[in-house]
Amino acid sequence: MQEINSVGIVAPQTAHFDAPLTLKSGAVLPQFDLVFETYGTLNADKSNAVLICHALSGTHHVAGRYSKDDKYPGWWDNLIGPNKPLDTNKFFVIGVNNLGGCHGSTGAVSINPATGQPWGSKFPILTVEDWVTSQTLLADYLGIQQLAAVVGGSLGGMQALQWTIAYPERVRHALVIASAPNLTAQNMAFNEVARQAIITDPEFHGGDYYAHGVVPKSGLRIARMLGHITYLSDDAMGAKFGRKLKDTIKYSFDAEFEMESYLRYQGDKFAGEFDANTYLRMTRALDYFDPALDFGGDLTCALKKVTAQFLVVSFTSDWRFSPARSREIVKALLDNERTVSYAEVTAAHGHDAFLMPDPHYHAILRSYLNNIQVGGKA
Amino acid sequence: MTVTKQEFEKKFGQEFRHDFAIIASWLPFGAKVLDLGCGDGALLQYLKASLEVRGYGVEKDDANWLACMSSGINVIQMDLEAGLSGFEDQSFDTVILSQTLQAVHNTEGIVREMLRIGHEVIVTFPNFGYWRNRRQILTGNMPVSKSLPHQWFNTPNVHLCTINDFDQFCESGNITVKERLVLTDNKPVTFMPNLMGNLAMYRLENTQLK
């Protein structure tokens, strides 16, 4: 069956980069691959490109399906397609798997050319700054000098913000959704618990579990279960599961409540397909992101060189990336007299709301994206 | 160059508002303006077109927010009552509260915040002392009119006041009234404004901050 407004069947591509990349930590990646997908057509003056930055567990597969029998579309398919809020009739949309990811871009699971073995524990720790630098190399590869927009939610929003700070001349608009200018101590604490669950798993082997033919599944599973709790609001969990039992109380530690089986299911599913070393590094990139740090904690100073126009969006029930954090970004932009709009969406879903097709939320994105000017059609 | 009535109506497909033109006359060209409770953004759109203001609107209503965005107005979604700490001291040329004063709870606090943020403040509100309102009270009902369109049971208005009330409020709060204009049916009223005037327009500054 033909899906309405879908980008249809898509295929990933790989860009190979031979030049060594020096990371913020000082470590050097001698060469690397970035796997990406594109939707829509790049116009003649290459002014209609929109980069989608993914969050913790996202990938380059943002929209469409790999085959007509593919069970699930890309992770932000509800947003992207012909006549969807991010309209592929107008924009050329790029999804990329971040460096250190586990879906095709070079990461801990890739072969280290120096040893012929998987990188494992030796794979460097990456930062949001490093990702954005690598994304500019992908833009170069695609012949794009300036992006019409960078769009990201959560950790993806941090990348969008970083683009405007580090490469102001290369991005016209930033859509920073359910994000923050840095993580609070409480937010970092969740990451620490997640990492400890992975690192203390006996099958972690200091990060070199590939050589042992095992994966630290139970650690990754617990990390994901914890994450899921923080992505939902208390109300959303209450509405979805409440205190519902699957059957009756059995006086056991089995998954008796529906919430428990949901978390276990999500944890199992994730642990079966995601790489633990990637998870560790993604959470660390979140922790380290703090553009105001070099400016004595003054975000207004950190955003002084920003020229992009901004849409900042938060969700009322998002307690992990609360509206107050988004308002800090808005304030710093206002202090610098930048062009910015801010929407605080009333939503029950918590942090996960940024992925939901809420009509008002989508209307916000649609109207902002409609106003973005691009050159003639290809 | 200000936009004429005809040009405005042709350009924006909406009725020309005399109060908008007066607000524009109180602003320098290219002013940095904050419009609190900006509604659908009509005023900012007018000021942008006529004076190329660098404008930001503050609006809490979802539908109004979208209307602003569609017109290309920068709009910050927040509730005025929750405070304006997101705006620095004296960071705007002018802060405007256009026909919203009567609907806010923390009236005094918001006027103080406006004076903190803006070099100048413009406040407009429907004059409850207007004779047509008084007549309805005398005949025993709460006023309902074009400028006060709601019934008593569904009105968003909580702090209706008269021109005399607002004058006293400014005087007791050490707020300098730089200019005051009163309108009825888009025409200036100078004779007994508290009785004859429908819309009150104030240009304020905070003497304490100067």
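Each remark here, short or long, concerns the structure printed above.
Being a predicted model, the structure only gives us computed values, none of them experimental.

Trainee: Could you give an account of the packing of aromatic side chains, with specific residues and numbers?
Mentor: Throughout the structure, instances matching the rule amount to 24 aromatic pairs over all chains. Ring geometry for F270(A) and F274(A): centres 4.6 Å apart, planes at 20°, overall stacked. Among the aromatic residues, those joined into a ring-pair cluster are F17(A), F32(A), F36(A) and Y141(A). A cation over an aromatic ring shows up here: R224(A) above the ring of F270(A), its NZ or CZ 4.2 Å from the ring centre. Note that K32(B) overlies the ring of F92(B), its terminal NZ or CZ placed 4.5 Å from the centroid.

Trainee: Give me a nonpolar patch on the surface: which residues, what numbers.
Mentor: A contiguous nonpolar surface patch, about 540 Å² in accessible area, is contributed by I137(B), M142(B), W152(B), F153(B) and L160(B). Relative to the helices and strands, M142(B) resides in the loop between helix 6 (131-138) and helix 7 (163-172).

Trainee: Any chance you could break down the environment of A42(B) for me, citing the residues and the numbers?
Mentor: Residues and elements named next belong to chain B. Following the sequence through the fold, A42 ends up in helix 3 (residues 42-51). Judged by relative accessible area, which is 11%, A42 ranks as buried. Taking the C-alpha atoms as reference points, A42 and M196, separated by 154 residues in sequence, lie 27 Å from one another. Residues in contact with A42, not counting those within four places in the same chain, are Q14 and F20.

Trainee: Explain the nonpolar core residue by residue, including any values.
Mentor: If you look at the biggest cluster of nonpolar residues, it comprises 170 residues, and the most contacted ones within it are W76(A), I80(A), I177(A), Y279(A), F310(A), F315(A) and L47(B). The next biggest cluster of nonpolar side chains, apart from the first, holds 7 residues, and it includes A236(A), M237(A), F241(A) and Y262(A).

Trainee: So, the interface of chain A and chain B: which residues are in play, and what are the values?
Mentor: Contacts between chain A and chain B engage 20 residues on the former and 18 residues on the latter. Together chain A and chain B conceal approximately 1600 Å² of surface at their shared face, both sides included; 55% is due to carbon and sulfur atoms. Where chain A packs against chain B, one counts 3 salt bridges. One salt bridge in this structure joins K331(A) and E88(B), with 2.4 Å as the shortest N-O distance. Summed over the shared surface of chain A and chain B, the number is 11 residue pairs in polar contact (both at pLDDT 80 or more). The residue makeup of the side of chain A that touches chain B, split by class, is 10 nonpolar, 5 polar and 5 charged.

Trainee: Could you give an account of the packing of helix 1 (residues 128-141) of chain A against helix 2 (residues 155-166) of chain A, naming the residues involved and the relevant values?
Mentor: What describes two packed helices is the angle between their axes and the distance between those same axes. Residue and element names in this part refer to chain A. At a minimum axis separation of 9 Å, helix 1 and helix 2 run at an interaxial angle of 65°. By the criterion of interaxial angle, the relationship of helix 1 to helix 2 is roughly perpendicular. Remark: the crossing between helix 1 and helix 2 carries right-handed chirality. For the pair formed by helix 1 and helix 2, the contact residues are V128, E129, W131, V132, Q135 and T136 on the first element and L155, M158, Q159, Q162 and W163 on the second. When the residues that make up the contact of helix 1 with helix 2 are grouped by side-chain class, the tally is 6 nonpolar, 4 polar and 1 charged.

Trainee: Can you break down the pairing of strand 4 (residues 92-98) of chain B residue by residue, with the values?
Mentor: All names here are of chain B. Counting buried residues in strand 4 gives 6 out of 7 residues, a clear majority hidden from the surface. One ladder, built from 4 bridges, connects strand 1 (residues 32-36) with strand 4; its direction is parallel. Its bridge partner being in strand 4, V33 is matched across the sheet by T94. Note that strand 4 and strand 5 (residues 118-126) share 6 bridges and pair parallel. Of the residues in strand 5, the one forming a bridge with V95 is V121. Remark: the strand 4/helix 5 (residues 107-117)/strand 5 crossover connection has right-handed handedness.

Cut-offs used in this document
Residues numbered from 1 in each chain as written. Chains lettered and ligands numbered in written order. Predicted model: local features only at pLDDT ≥ 70, side-chain atom pairs only at ≥ 80, totals over all residues. Heavy atoms only, no water. Phe/Tyr/Trp six-rings, centres within 6.5 Å; stacked < 30°, edge-to-face > 60°. Lys NZ or Arg CZ within 6 Å of the ring centre and 35° of its normal. Patch = residues over 30% accessible without salt bridge, like charges linked within 9 Å, V, L, I, M, F, W, Y side chains within 5 Å. Areas by Shrake-Rupley, 256 points an atom, 1.4 Å probe, with all protein chains shown as cover. Salt bridge = Lys/Arg side-chain N within 4 Å of Asp/Glu carboxyl O. Helix = DSSP H or I, 4+ residues; strand = E, 2+ residues; numbered from the N terminus. Buried < 20%, exposed > 50% of the residue type's maximum accessible area, 1.4 Å probe, protein only. Contact = heavy atoms within 4.5 Å. Core = buried A, V, L, I, M, F, W, Y, C linked by side-chain atoms within 4.5 Å. Buried area = accessible area lost by both parts, 1.4 Å probe. Polar contact = N/O pair within 3.5 Å; in protein donor to acceptor, adjacent residues only side chain to side chain. Nonpolar A, V, L, I, M, F, W, Y, C, P; charged D, E, K, R; others polar. Axes fitted to C-alpha atoms, helices over the stretch in contact; angles between N-to-C directions. Parallel < 35°, antiparallel > 145°, perpendicular 65-115°, else oblique. Left-handed = near helix turned anticlockwise from the far one by under 90°. Pairing = 2+ DSSP bridges. Right-handed = clockwise from strand over helix to strand, strands pointing away.

Take it as geometry only, folks, not as evidence of what the structure does.
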